[in-house]
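One letter stands for each residue in the lines below.
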Amino acid sequence: MVSDVRRRVKRWAFKRSLWVFHCNTGGCNGCDIEILAAFTPRYDVERFGIRLVGSPRHADVLVVTGPVTRKNAELLRRIYEQMPSPKWVIAVGTCACSGATFSDAYNIAAGVDRVIPVDVYVPGCPPKPEAIIDAFAILMEKIEREGV
């Protein structure tokens, strides 16, 4: 009984306070601008308890933009490993989801899911802030459903 209550409280706390670390792996910065727009007062994702942090060691969610270059693949993997568990990943933009037009380039490893596991995909070039907010809502539902 007590452990069930603890589990529900822990799940509620994680769902209501997602700390986000943003990583650009070589994109054009279009998605980065839209992510930052989601944190401005107009869209204000902080009302959902989502906030940016400066270190992956403090983050629950890794938001990745851009196609993963061969140079950045190991760096992205290292950033993911530095995050404490439980951790989730959101791939923002078509480049992060699949590599997009750069997928056949010599220096592109591929989309983010070839390097680290991805929980939510946000397609678009660049996706609107509303789509990014929807991705956070989907992630919150996933946390509620699956637990911590």
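Our structure's up above, just so we're on the same page.
Residues numbered from 1 in each chain as written. Predicted model: local features only at pLDDT ≥ 70, side-chain atom pairs only at ≥ 80, totals over all residues. Heavy atoms only, no water.

A.B. asks: How do you make sense of the side chain of threonine 69 when you look at a structure like this?
C.D. replies: By the secondary structure assignment, threonine 69 is in strand S4 (residues 68–69). If sequence neighbours within four positions are ignored, threonine 69 has contacts with Thr25, Asn107, Ile108 and Ala109. (Helix = DSSP H or I, 4+ residues; strand = E, 2+ residues; numbered from the N terminus. Contact = heavy atoms within 4.5 Å.)

A.B. asks: What exactly am I supposed to notice about the pattern of salt bridges here?
C.D. replies: For side chains bearing opposite charge, pairing can occur when the charged atoms are close. Using the criterion set out here, one finds 2 salt bridges in the structure. The salt bridge involving aspartate 119 is made with lysine 142; its shortest N-O contact spans 2.9 Å. Of this pair, aspartate 119 sits in the loop between strand S6 (108–110) and strand S7 (120–122) while lysine 142 sits in helix H5 (residues 129–146), and the two are 23 residues apart along the sequence. (Salt bridge = Lys/Arg side-chain N within 4 Å of Asp/Glu carboxyl O.)

A.B. asks: What is the right way to look at empty space enclosed by the protein in this model?
C.D. replies: Gaps left between atoms are located by rolling a probe of water-molecule size over the structure's atoms. By the definition in use, this model includes 1 cavity of 30 Å³ or more. As a volume, the largest cavity reaches approximately 110 Å³. Looking at the largest cavity, it is lined by 15 residues, and the ones nearest its centre are Gly27, Cys28, Cys31, Gly66 and Cys95. Elements represented by at least two residues in the lining of the largest cavity include exactly helix H2 (30–38) and helix H4 (94–98). With 3 residues, the top contributor of residues to the lining of the largest cavity is H2. (1 Å grid on protein atoms, 1.4 Å probe; cavity = no way out; pocket = protein on both sides within 12 Å on 5 of 7 lines; lining within 4 Å. Points joined across faces, edges and corners; volume = space filled by probe spheres on them.)

A.B. asks: Honestly, the pairing of strand S3 (residues 61–65) in this entry has me stumped. Any pointers?
C.D. replies: The side chains of a regular strand alternate, first on one face of the sheet and then on the other. Of all 5 residues making up S3, 5 are buried, and the element is well covered by its neighbours. Here S3 shows two buried faces, one formed by Val61, Val63 and Thr65 and the other by Leu62 and Val64. Pairing between strand S1 (residues 19–24) and S3: 5 bridges, direction parallel. Bridge pairing in S3 places phenylalanine 21 opposite leucine 62. Bridging between S3 and strand S5 (residues 88–92) involves 5 bridges; their strand directions are parallel. Directly across from threonine 65, in S5, lies its bridge partner valine 92. (Buried < 20%, exposed > 50% of the residue type's maximum accessible area, 1.4 Å probe, protein only. Pairing = 2+ DSSP bridges.)

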